[in-house]
Amino acid sequence: MTAYFVQAFIYLLAAVIAVPLAKRFGLGSVLGYLVAGVVIGPILGLVGQETTTIQHFAEFGVVMMLFLVGLELDPRGLWAMRVRLLGLGGLQVVLTTVAGTAIALWLGLVLQTALAVGLIFALSSTAIVLQTLNEKGLAKTEGGRSAFSVLLFQDIAVIPMLALIPLLALPELMGPVSEEGHASLNLVSDLPGWAHALVVVAAIVSVIAAGYYLVPLLFRYVIGSGLREIFTATALMLVIGIAALMSLVNLSPALGAFLSGVVLANSEFKHELEANIEPFKGLLLGLFFITVGAGINFAVLAAEWETILLLGATVIVVKGIILFGLALLFRLHGSNGWLFTLSLAQAGEFGFVLLTYSVQNSVIPSDTSQILSLAVALSMFLTPLLFIAYDRLVLPRYRSAKNDDREADTIEEQAPVIVAGVGRFGQIICRLLRANNIPIVALDHEIEQIENLRKISIKSYFGDASRSDLLETAGIEQARLLVIALDDRDRAVQMVRHVKQYYPHVWVLARAFDRGHGYQLREAGADDTVSETYHSALELGGHALTAMGVHPMRAKQMTWSFVQNEDAHEDELFEAWKEIEGGISFSPRYGELFMKLEESLNSAMKQDWQEPQREDVPIWTPPDQKNDAL
């Protein structure tokens, strides 16, 4: 038992040290897990042969991840992605399999082995790609959705691949191998083809039917117990049970979990399921990545490093070329095309499954499988670096090219109000001014924002509002007001400084991201600043007071007292901030003044609470929820 505790401590310690460091240096958590595995495995030798067994267990994290992904979809969404799913995913698997088979034949492998190799390298890493896309907020982009479609098709394609591999067995590789290795529970191994198909269809139908009719009843029964841990146990039982059922009929557990997630996507238990499954999914995926790194065989790598490096690079390059061609064919242009290409250019975790299955079925020699396994691991290990290349090389270039390749619009009119930046913040300002018939000239460097504003008939122009020539063309000399609502902190400060230096008569209103940015804008010369979250937070705080029994009129009074208290101390805090070298938010003097602000705020709130109750302001009781519903 002690050995198990020590092993668990080693894995967790490696993750705790490596993953935060990787995140801090912008490398992503996946690379952190992989590096942790390499350190505790091949380098330090703290873990050994148990990594293979643990990896099979950790692969269940992929199953959980597909279940959570399914929860985010619904059947209508799945039908809507049918073109990408079948067209893009199908072409990727077929073309990559053909290319991989051709290269393997050229390297001297027999046809059956070459085809198995092509199938193995046609798959990409669902675990790494989806984890990284979600982590970087790229899952909802066009490239991210296309990558998900391909990954989903690959998971489905694993089923016929597993059925095909035994048919590729080579007589010369068959020895006195016992069939005991295949004696795992399987309900379809001895059935004829038609019966096998019926059992598979019945299993899928049962998963869908149970998801619609039985699972909601089960969860309502469990919720009646009032024990949160039983709900968690039920959620785990659901995923594990579906995975087991799929395995019994020789289907992909990940596919079954995904289908059940899609079925439950519109369930009232969706969010609770996500909250309960997510921690287990994250830990198991992290464990899986660690075992991939720990499982690297440095002896084989040292002996065949040139072959492994060349093979790993070939996999990425060949798959990248095919994926880029498909991106062009399906009109994934710019950064979306590169995201699609770079995210799927590796081999995947199911490659290890197919490799093991191919060796067991006498399709791939064991010595060849070790080299192929290292090539798969190497390509997976390089995937986070491909995402880093996308972030630091591709994305900035296309963002710049997208806007810089287009000439700024010719500004044909001038107005007393110029609005710089028409994103989610600036659009509201433009709509309010337009509603009051105040002429405006709106400028933004993002063409999408300009097009959105034009859709609601607000005159706007593409161009960098911080450019002095565009400001002059927009009429800054005659303008009365400049509203700066840019998303870029530094550009906003520079723009305020430039305008107040050359056009001091213009009143400048500026959007601030936070208190410190507001001070920077004020120091640069802005006449007035508003934090983008300040008033919305006040409004929500007022609603919170009302929900706790405070009368709405009194809640309004308290929020107004909060504003007055802030305004009363604003100048003093600003002067203290200006004394701070380098703009650090909290010096001792600034901290002392801020605490003074908090004490003053507490006193103001207590005074409001202790105020004698007026007859015209009754005690407030929030309306009953049932009455609200009526």
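Scroll up for the structure.
Note that the structure is a prediction, hence the values are computed from the model and not measured. (Residues numbered from 1 in each chain as written. Predicted model: local features only at pLDDT ≥ 70, side-chain atom pairs only at ≥ 80, totals over all residues. Heavy atoms only, no water.)

**Student:** A description of the packing of helix α22 (residues 489-502) against helix α23 (residues 515-524) should follow, citing residues and the corresponding values.
**Tutor:** The description of two helices packed together rests on the angle between their axes and the distance between the axes. Two elements in contact, α22 and α23, have axes separated by 8 Å at closest approach and are oriented at 20°. What the angle tells us is that α22 and α23 run roughly parallel. Helix-helix and strand crossings are classified by hand; for α22 and α23 the assignment is right-handed. Counted together, Arg489, Ala492, Val493, Val496, Arg497 and Lys500 of α22 and His517, Gln520, Leu521 and Ala524 of α23 form the full contact between these two elements. Of the residues in the contact of α22 with α23, the class split is 5 nonpolar, 2 polar and 3 charged. (Axes fitted to C-alpha atoms, helices over the stretch in contact; angles between N-to-C directions. Helix = DSSP H or I, 4+ residues; strand = E, 2+ residues; numbered from the N terminus. Parallel < 35°, antiparallel > 145°, perpendicular 65-115°, else oblique. Left-handed = near helix turned anticlockwise from the far one by under 90°. Contact = heavy atoms within 4.5 Å. Nonpolar A, V, L, I, M, F, W, Y, C, P; charged D, E, K, R; others polar.)

**Student:** So, the pattern of salt bridges: which residues are in play, and what are the values?
**Tutor:** According to the stated counting rule, one finds 5 salt bridges in the structure shown. Among the salt bridges present, the one from Glu142 reaches Arg145, with a minimum N-O distance of 2.7 Å. Linking Glu142 with Arg145, this pair stays in helix α9 (residues 142-164), spanning 3 residues, or about one helical turn. Across the pair Glu539 and Lys556 runs a salt bridge, and its minimum N-O distance is 3.8 Å. (Salt bridge = Lys/Arg side-chain N within 4 Å of Asp/Glu carboxyl O.)

**Student:** How would you sum up the environment of Ala36? Please name residues and give values.
**Tutor:** Note that Ala36 resides in helix α2 (residues 29-43). What makes Ala36 buried here is its relative accessible area of 3%. Note: C-alpha distance between Ala36 and Leu12 (24 residues apart in sequence) is 9.6 Å. In contact with Ala36, not counting residues within four places along its chain, are Ala14, Ala15 and Ala18. (Buried < 20%, exposed > 50% of the residue type's maximum accessible area, 1.4 Å probe, protein only.)

**Student:** Summarise the pairing of strand β2 (residues 440-444); cite the residues concerned and give the values.
**Tutor:** Of all 5 residues in β2, 5 are buried; the element is thus mostly enclosed. Going residue by residue along β2, you find Ile440, Ala442 and Asp444 tucked away on one face and Val441 and Leu443 tucked away on the opposite face as well. Taken together, the 4 bridges between strand β1 (residues 417-420) and β2 define a ladder with parallel strand orientation. By the bridge assignment, Val417 is partnered in β2 with Ile440. Once the chain exits β1 it traverses helix α19 (residues 426-435) before rejoining the sheet at β2, and the crossover so formed is right-handed. (Pairing = 2+ DSSP bridges. Right-handed = clockwise from strand over helix to strand, strands pointing away.)

**Student:** For helix α6 (residues 82-106), give the residues involved together with the corresponding values.
**Tutor:** The terminal C-alpha atoms of α6, which comprises 25 residues, lie 35 Å apart, in line with the 36 Å expected from a rise of 1.5 Å per residue. Those residues of α6 not exposed but buried are Leu85, Leu88, Gly89, Gly90, Gln92, Val93, Thr96, Thr97, Ala99, Gly100, Thr101 and Ala104. Gly108 sits one or two residues past α6 and shows a positive phi near 100°. (Expected span 1.5 Å × (residues − 1).)

**Student:** Hey, could you go over the sheet that holds strand β3 (residues 460-462) for me, with residue numbers and the actual values?
**Tutor:** Strands sit in the order β3-β2-β1-β4-β5-β6 across an open sheet of 6 strands; the sheet is parallel. The sheet terminates laterally at β3 and β6 (528-531), the two strands that pair on one side only. If you compare each strand with its neighbour and ignore which way they point, the axes differ by 20° on average. Strand contacts of α19: β1, β2 and β4 (481-484), with the helix running at about 160° to β1, the strand carrying the most contacts. Contacts from α22 reach β1, β4 and β5 (507-512) within the one sheet, and its direction differs from that of β4 by about 165°.

**Student:** Go over the nonpolar core with me, naming the residues and quoting the values.
**Tutor:** Counting 95 residues, the largest nonpolar core has Met65, Phe121, Phe289, Phe340, Leu344, Ile364 and Val376 as its most contacted members. Tallying contributions element by element places helix α18 (residues 366-404) first for this core, with 13 residues. Each residue touching Leu344, except ones within four places of it in the same chain, is listed here: Ser124, Val129, Ala147, Val150, Leu151, Lys319 and Leu323. Counting 29 residues, the second largest nonpolar core, distinct from the first, contains Ala243, Val249, Leu264 and Leu273. (Core = buried A, V, L, I, M, F, W, Y, C linked by side-chain atoms within 4.5 Å.)

**Student:** Explain the packing of α2 against helix α13 (residues 270-294) residue by residue, including any values.
**Tutor:** It is at 6 Å that the axes of α2 and α13 come closest, and there the two elements cross at 50°. When the interaxial angle is binned, α2 and α13 end up oblique. In terms of crossing hand, the pair formed by α2 and α13 is right-handed. Counting all contacts with α2, which are made through Val30, Tyr33, Leu34, Gly37, Val38, Ile40, Gly41 and Pro42, the residues of α13 involved are Gly282, Gly286, Phe289, Ile290, Val292, Gly293 and Ala294. Residue composition of the contact of α2 with α13, grouped by class: 10 nonpolar, 5 polar and no charged.

**Student:** Give me the lowdown on the side chain of Ser260, citing residues and values where you can.
**Tutor:** With respect to the helices, strands and loops of the structure, Ser260 is situated in helix α12 (residues 253-263). Residue Ser260 is classed as buried on the basis of its relative accessible area, which comes to 3%. Looking at Ser260, its side chain comes within polar contact range of the main-chain oxygen of Ala257, at 2.7 Å. Discounting residues that sit within four places of it in the chain, Ser260 has contacts with Phe67, Val207 and Ile242. (Polar contact = N/O pair within 3.5 Å; in protein donor to acceptor, adjacent residues only side chain to side chain.)

**Student:** Describe α23, with residues and values.
**Tutor:** In an α-helix there are 3.6 residues to a turn, and that puts residues three or four apart on one side. Of the residues making up α23, those classed as buried are His517, Gly518, Tyr519, Leu521 and Ala524. With a side-chain oxygen positioned 3.3 Å from the backbone nitrogen of Gly516, the residue opening α23 is Asp514. Positive backbone phi, approximately 120°, marks Gly525, located one or two places after α23.

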